[in-house]
Amino acid sequence: MLGRPTHQALKRTSGVKIPLTGGKCLTLVRSVTNSFVLKTVSSSLSDSVINNVADDNRPLPREAKVVICGAGVMGASVAYHLAELGWGSNTVLLDQGNIGGGATGHTAGLVGVFKPSLAQVRLVQSTVALYKSLEERGLPTGWKQCGSLCLAKSRDRMTVFRRMKALAVSWGIDCKLVTPEEVLQLCPLVRTDDLKGGIWIPGDGVGDPIQICQSLVKVAQDGGVHVLEGCSVKRVVSSDGKVVAVDTSHGTVECQYFVNCGGFWARQIGQMSEPFVKVPLHPCDHYYLHTRPIPGLDPMTPVVRDQDSHIYFRENDGCLMLGGFEPVAKPAFEDGLLPEASSSSRKLPEDWDHFHVLLEQMLHRVPSLGSTALDRLVNGPEAFSPDCKWILGEAPEARNHYINHCIIQNYFVAAGMKTVGISAAGGVGHSTANWIVNGFSSYEMYELDITRFLGLHNNRKFLRDRVREVPGLHYAINYPFSEFKTGRNLRMSPIYPKLREAGAVFGQVMGYERPVYFDPEGLLANVTPEPGSEKPFRIAETKTFGKPEWFDIVSEEYAACRESVGLCDYSSFTKIDLWSKGNEVVEALQYLCSNDVDVPIGSIIHTGMQNSRGGYENDCSLARLAENHYMMIAPTIQQTRCKVWIQRHLPTDGSVALSDVTSMYTAICVMGPFTRSLLSELTDTDLSPQSFPFFTFKELDVGLANGIRAMNLTHTGELGYVLYIPNEFALHVYTRLKEVGEKYDLRHTGYYAMRALRVEKFFAFWGQDLDTTTTPLECGRSWRVKFEKGTNFIGREALLQQRDEGVKRMYVQLILQDHDPDVDLWCWGGEPIYREGVYVGATTTTGYGYTFKKQVCLGFIQNFDENGEPQKVTSDFVQSGSYEVDIGGIRYLAKVNLRSPNLPTKFPDKEREAYQATRDKVGVSEPILKAVNS
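Residues numbered from 1 in each chain as written. Predicted model: local features only at pLDDT ≥ 70, side-chain atom pairs only at ≥ 80, totals over all residues. Heavy atoms only, no water.

(A) How the structure looks around the overall build of the protein. Secondary structure assignment for the protein yields 22 helices and 46 strands. Here the protein holds 934 residues, and the buried ones make up 62% of them. Sequence separation of at least 24 residues holds for 72% of the intrachain contacts in the protein that already meet a minimum separation of 6. Surface summary for the protein: the accessible area is close to 35300 Å², and the carbon and sulfur share equals 49%. (Helix = DSSP H or I, 4+ residues; strand = E, 2+ residues; numbered from the N terminus. Buried < 20%, exposed > 50% of the residue type's maximum accessible area, 1.4 Å probe, protein only. Contact = heavy atoms within 4.5 Å. Areas by Shrake-Rupley, 256 points an atom, 1.4 Å probe, with all protein chains shown as cover.)

Right, dumping it as structure tokens:
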């Protein structure tokens, strides 16, 4: 039964008595059925009453620029920053309850700066600066810089801490690795006999969520923001693709922007618009245990996080507040019916039987808790997103017709903060306000953007199942290539059963099951299947920071792609068709793309779609199928994001049609030196280089099937083809490829081999190496930017300016020279790069180079002056330095490359060797290297 303790756990815990107030005590006993029973007295104490901050009862204004729904700390911060930007008198902040009366009112108030990515770190650092600034202005926030102490019970956790310490240099975080003895000195409450060590972060602290919320609202009101309590949103009205009004319980207010900061209610609020704005969140139980005052408790007791035990605690007004993130969470309000803010059902009943998983660990880590009087156990539901990340940005919803399309623009979301909203509220509010006022975020936040989701992620039953798993991941060790266990087998290509039978081990991206490697003999499986039985569904795991167990398998798949034939399922890639009756689609794509799309029919171009700052909003391949018809291939994670970007820049008269055909085609990539011979046996079409050259498209018959869109490229730099097959023909084509491929030693290959190939060939991928702040000039793709084409394109001015001034960071490949892959920790991305002993950047994508037989890192190099400001980077600067990469505190020498290497092979091919993805034809069409050296 989920949530039940083991027999051993019951024996350890049974009989412990914890005093309560009034002379009563809480006793943990084991019943005859081995269920967990607690004899206790219900607490009559309630949470602190939230003061009403609204200073008047002015009626709802008839019009405003911005309406913010939700006056918790997130909504308050957005209102504060809009007021700071001069929009206060045009902003309305409303809440169905009281200021700070939602999840904000019962959060733990922890502010920890270390987060999984630099973007999240910057948001928290901005937040801490805001709270300190408010305190300096005499506005209370409860900010207390008591530091935080993270504990490690395992070697892998200490490895995580060592990697954090290495990252701290580039992220500007003061921290120190500590021994168990030092842990005890920093916090005498902690039991240390089972610890390996910890990490001390002195800049962390705690705040009072209610005080922060009220102070932000007060400043916002002083700046003109209109605040209403007890005012519910009924409907968000849109017209001609934009938000135009909000219907509330107090009337209607016309507006230009709407911000959904509804927290717990954000998904429900999203359903109050037409079309629905999908905010994939689901609530679950979340517990806080409060003690009575503890004599002598140091008010500067650090926040202690014991992630291996899933718990944390902090000092709170002379008491301890303890909480955690249990490995298997309990979904709340599974019927989807959420209570109103004023409803007593907003607070869930105590469930000591479920809480025992955390309580047992608390009693172990803080032994004195067993003799401490308890006050109450609070069960306040918290909402989590399906990937355990925050949800920010402009909503992507669209209703698309060939003649006309309508997009809800100017609808923003800031929700899904997973209990730590106050740690990021300042940065998120600042970013959202800038997004509204200036048209773009002040931070790179694609990983948090709401456009990372599809409709399936908002399915309530999917969310219910996923939310059992997600909270526990908040404190879990983030191993490389981690995978979810819930919500699987949703999106599958027609050849999925065949791939599974072939021994595929799956990863999931955008809900799609994608083989990452193949283990047909079950060598790495925990259970050996019976002969003739169906192959079990296997989810990939990499439970190490060193050499992974799948290393040898991927080595063989890699070799097949380079020396014989590898077959890989590319079906998850985003596929979009664009067309028009006249030349409108060409003109639209010329405006969207930095490369020249007006190429001969049958050609394929690789192009970026830049924003106004020159950064990549999309990185894609465009095949010109006909005079006015293109097929776009983009990264899997871009399926929602790039589609919305394109739609928002297409002609409003509907002259250009867009269709997402991702689910209509199965994509099979065959790569390797014998792929032309293989495919020639299955088609009558001439596949010679003269008839079907590299980077071109043809429609083929394959076997008995027709209408296959074949593209002569592989996205890895290897020879081969990607076949986009209508789904009804997919099994037939796959079967014929397998049958004929036997003579060519065809082997199934997965994503890990593809990743190794492209890292070694120095290929950049969007979302891993490229983002909205990266320009083509920085990553060696100037030759793909056609400044001279007749049509102006988005970002042209910014790129011209950068070309004239020079770049301030440069994309490089680093090959580790003194690293032992069998013994040393591996690089997995994010490692600091040093030049002449000075920090200059960080890695993005990393992997093992099976041809180099060395670790290979891709990343960006900068040139910082003595004040830490980035200066112009030249090729001389890059190539004249000596480099090291820091992996968990150990620096390894590295050789730097600026260009895609030509790798040795048994089967050299002029076509393969001629194409270099990064800085192709240097000195001819990569002028940035010349410009920055002149």
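(B) Summary view of the pattern of salt bridges. In the structure shown here, the tally under the stated rule is 39 salt bridges. The partner of arginine 648 in a salt bridge is glutamate 394, and the shortest N-O contact between them spans 3.7 Å. Here arginine 648 is found in the loop between helix H15 (641-647) and strand S34 (656-660), whereas its partner glutamate 394 is found in strand S23 (residues 391-394), with 254 residues between them in sequence. Looking at glutamate 394, the relative accessible area reads 13%, which means it is buried. The residue glutamate 483 makes a salt bridge to arginine 488 at a minimum N-O spacing of 3.6 Å. Judged by relative accessible area, which is 11%, arginine 488 ranks as buried. Three or more residues are tied together by salt bridges with common partners; here these are Asp194, Asp306 and Arg365. (Salt bridge = Lys/Arg side-chain N within 4 Å of Asp/Glu carboxyl O.)

(C) Spatial organisation of the packing of aromatic side chains. Counted under the stated rule, the structure contains 38 aromatic pairs. Ring centres of phenylalanine 325 and tyrosine 475 lie 5.0 Å apart, and the angle between their planes is 70°; this geometry places the pair in the edge-to-face category. Here tyrosine 475 lies in the loop between helix H11 (470-473) and helix H12 (496-501) and phenylalanine 325 lies in the loop between strand S20 (319-324) and helix H8 (352-365), a separation of 150 residues in the sequence. Of the two residues, phenylalanine 325 and tyrosine 475, neither departs from the other in class, the shared state being buried. Centroid distance tyrosine 496 to phenylalanine 506: 4.9 Å. Interplanar angle 40°. Geometry classified as tilted. With tyrosine 496 in helix H12 and phenylalanine 506 in strand S27 (residues 504-509), this pair connects stretches of sequence that are ten residues apart. An aromatic cluster is built from Phe481, Tyr517, Trp550, Phe551, Tyr558, Tyr752, Trp826, Trp828, Tyr848 and Tyr850, whose rings are joined through pairwise contacts. (Phe/Tyr/Trp six-rings, centres within 6.5 Å; stacked < 30°, edge-to-face > 60°.)

(D) Here's a closer look at helix H13 (residues 551-563). With 13 residues, H13 ought to run about 18 Å at 1.5 Å a step, and its terminal C-alpha atoms sit 18 Å apart, in line with that. Along H13, the residues that are buried comprise Phe551, Ile553, Val554, Glu557, Tyr558, Ala560, Cys561 and Arg562. (Expected span 1.5 Å × (residues − 1).)

(E) A look at the pairing of strand S33 (residues 629-634). Among the six residues that make up S33, five are buried, leaving the element largely enclosed by the rest of the structure. Pairing between strand S30 (residues 574-580) and S33: six bridges, direction antiparallel. Bridge pairing links threonine 574 to alanine 634 in S33. Relative to S33, strand S32 (residues 616-626) is paired through five bridges, and the arrangement is antiparallel. Bridge assignment links leucine 622 to a residue of S33, and that residue is methionine 632. (Pairing = 2+ DSSP bridges.)

(F) Region of the structure containing unusual backbone geometry. That bond from glutamate 274 to proline 275 is cis: its omega, 0°, falls within 30 degrees of zero. Topologically, proline 275 is positioned in the loop between helix H7 (266-270) and strand S16 (282-284). Despite not being glycine, phenylalanine 333 has its phi angle at roughly 50°, a positive value. Examined against the element boundaries, phenylalanine 333 turns out to sit in the loop between S20 and H8. Note on phenylalanine 333: relative accessible area 16%, which makes it buried. The backbone phi angle of histidine 715 is positive, close to 70°, even though this residue is not glycine. By secondary structure assignment, the location of histidine 715 is in the loop between strand S37 (705-711) and strand S38 (720-726).

(G) Inspection of helix H14 (residues 584-592) at higher detail. The set of residues buried in H14 consists of Val585, Val586, Ala588, Leu589, Gln590 and Leu592. Buried-residue contacts for H14 involve S30, strand S31 (604-610), S32, S33, H15 and S34.

(H) Structural detail: the packing of helix H3 (residues 118-136) against helix H9 (residues 421-438). Two numbers describe how H3 lies on H9: the axes approach to 6 Å, and their chain directions differ by 90°. Judged on the interaxial angle alone, H9 and H3 are roughly perpendicular. Taking contact as the criterion, the partners of Leu123, Val124, Ser126, Thr127, Leu130 and Tyr131 in H3 are, on H9, Ile422, Ser423, Ala424, Ala425, Gly426, Gly427 and Val428. Grouping the amino acids of the contact of H3 with H9 by side-chain chemistry returns eight nonpolar, five polar and no charged. (Axes fitted to C-alpha atoms, helices over the stretch in contact; angles between N-to-C directions. Parallel < 35°, antiparallel > 145°, perpendicular 65-115°, else oblique. Nonpolar A, V, L, I, M, F, W, Y, C, P; charged D, E, K, R; others polar.)

(I) How the structure looks around the side chain of glutamate 469. Looking at the element boundaries, glutamate 469 is found in the loop between helix H10 (460-467) and H11. The side chain of glutamate 469 sits in the buried core without any salt bridge; arginine 466 is the nearest counter-charge, 4.0 Å away. (Lys, Arg positive; Asp, Glu negative; His and termini not counted.)

(J) The arrangement of the pairing of strand S19 (residues 311-316) in detail. The buried fraction of S19 is high, at five of six residues. Strand direction decides the pairing type here: strand S18 (residues 303-306) and S19, joined by three bridges, are antiparallel. Among the inter-strand pairings, arginine 305 is bridged to a residue of S19, identified as tyrosine 312. The turn linking S18 back onto S19 is made up of four residues, and histidine 310 within it adopts a positive phi angle of 70°. Two strands pair when backbone bridges link them, and S19 and S20 are joined in this way by six bridges, in the antiparallel orientation. For glutamate 315, the partnering residue across the bridge sits in S20 and is leucine 320. Following S19, the chain reverses through two residues before pairing antiparallel with S20; aspartate 317 in that reversal takes a positive phi of roughly 55°.

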